[in-house]
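# Working through the structure, step by step
The chain contents come next:
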Amino acid sequence: MRIAVLALQGAFVEHEQMFHRLGVETMEIRQLRDFLQPFDGLVLPGGESTVMMRLLNDLLLLEPLRRRIEGGMPVFGTCAGLILLDSAHLGTMDIRAHRNAYGRQLGSFRGQGKVLHVGDDVPMTFIRAPYIEDAGAGVEILAEYGGHKVAARQLNQMVTAFHPELDGDTRIHELFLNHCQAGIME
Ligand code: GLN
């Protein structure tokens, strides 16, 4: 099993370290030819979604990425990665993200909560995070925090508004790896 991490900008190294702790090999997607290598799942990390969108566009990575996801490649988006998958960006997932939803000053905080298929007391680190404002009928909400939807999945796509790669808890990454092994998420 090998997981590709979009490595243009943001918190990609932390995802790689998480997978290495779980004994899973990773590779980085930085340019078009990286898509030629085989991989079983793809991570879109946190960072700045406007910058990532611009880089994806400039590097001609946007369409290949969309095609991969539409073709069923398991994908896990955290924070800015969640925004990239929403209807206003790549549009592969039937969600609408509210960016910087907690305001710029109080935008970063930690909590914990229950995540469906994962368990209780999952650490949730929010950094100028979005939440999911709207989700279509095909989207399964996995977690809420403070009354807002903060984790979800839809077939091969899974998102968290928080940053599980920044905490010691590996359970969310393990859930994603299960999806990568099984193909479609169910
Ligand atoms: N605020 C960022 C954005 O809008 C997301 C922040 C993050 O990924 N930690 O893209």
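See the structure printed just above.
### Some thoughts on the overall build of the protein
Scanning the protein from terminus to terminus reveals five helices and 11 strands. Rg of the C-alpha trace for the protein: 15 Å, near the compact-globule value of 16 Å for 186 residues, within the 12% margin. Considered along the principal axes of its C-alpha atoms, the protein spans approximately 40 × 35 × 30 Å. Burial status across the protein gives 43% buried among its 186 residues.

### Overview of the site of the ligand
Around the ligand, the surrounding shell consists of Gly46, Gly47, Glu48, Ser49, Cys79, Ala80, Ile83, Arg99, Asn100, Ile127 and Arg128. Each residue belonging to the shell around the ligand can be placed in one class, and the counts come to four nonpolar, four polar and three charged.

### Section: the environment of Asn178
Residue position: Asn178 is located in helix α5 (residues 171–182). Distance from Asn178 to Ala137, taken between C-alpha atoms, is 23 Å for residues 41 residues apart in sequence.

### With respect to unusual backbone geometry
Leaving glycine aside, a negative phi is the common case for residues, and trans is the common case for peptide bonds. Located in the positive-phi region is Cys79, a residue other than glycine, with phi close to 55 degrees. Relative to the assigned elements, Cys79 resides in the loop between β4 (75–78) and α4 (80–85). Exposure remark for Cys79: the 30 C-beta atoms within 10 Å place this residue in the buried category. The phi torsion at Asn100 lies on the positive side, around 45 degrees, for a residue other than glycine. You can see Asn100 is positioned in the loop between β5 (95–98) and β6 (108–115). With 11 C-beta atoms counted inside 10 Å, the residue Asn100 sits in the exposed group.

Rules behind the numbers
Residues numbered from 1 in each chain as written. Predicted model: local features only at pLDDT ≥ 70, side-chain atom pairs only at ≥ 80, totals over all residues. Helix = DSSP H or I, 4+ residues; strand = E, 2+ residues; numbered from the N terminus. Rg over C-alpha atoms; globule rule 2.2 N^0.38 Å. Buried ≥ 20, exposed ≤ 12 C-beta atoms within 10 Å, placed from the backbone. Near = placed C-beta within 6 Å. Nonpolar A, V, L, I, M, F, W, Y, C, P; charged D, E, K, R; others polar.

Such coordinate-based values are descriptive only and should not be taken to indicate function.
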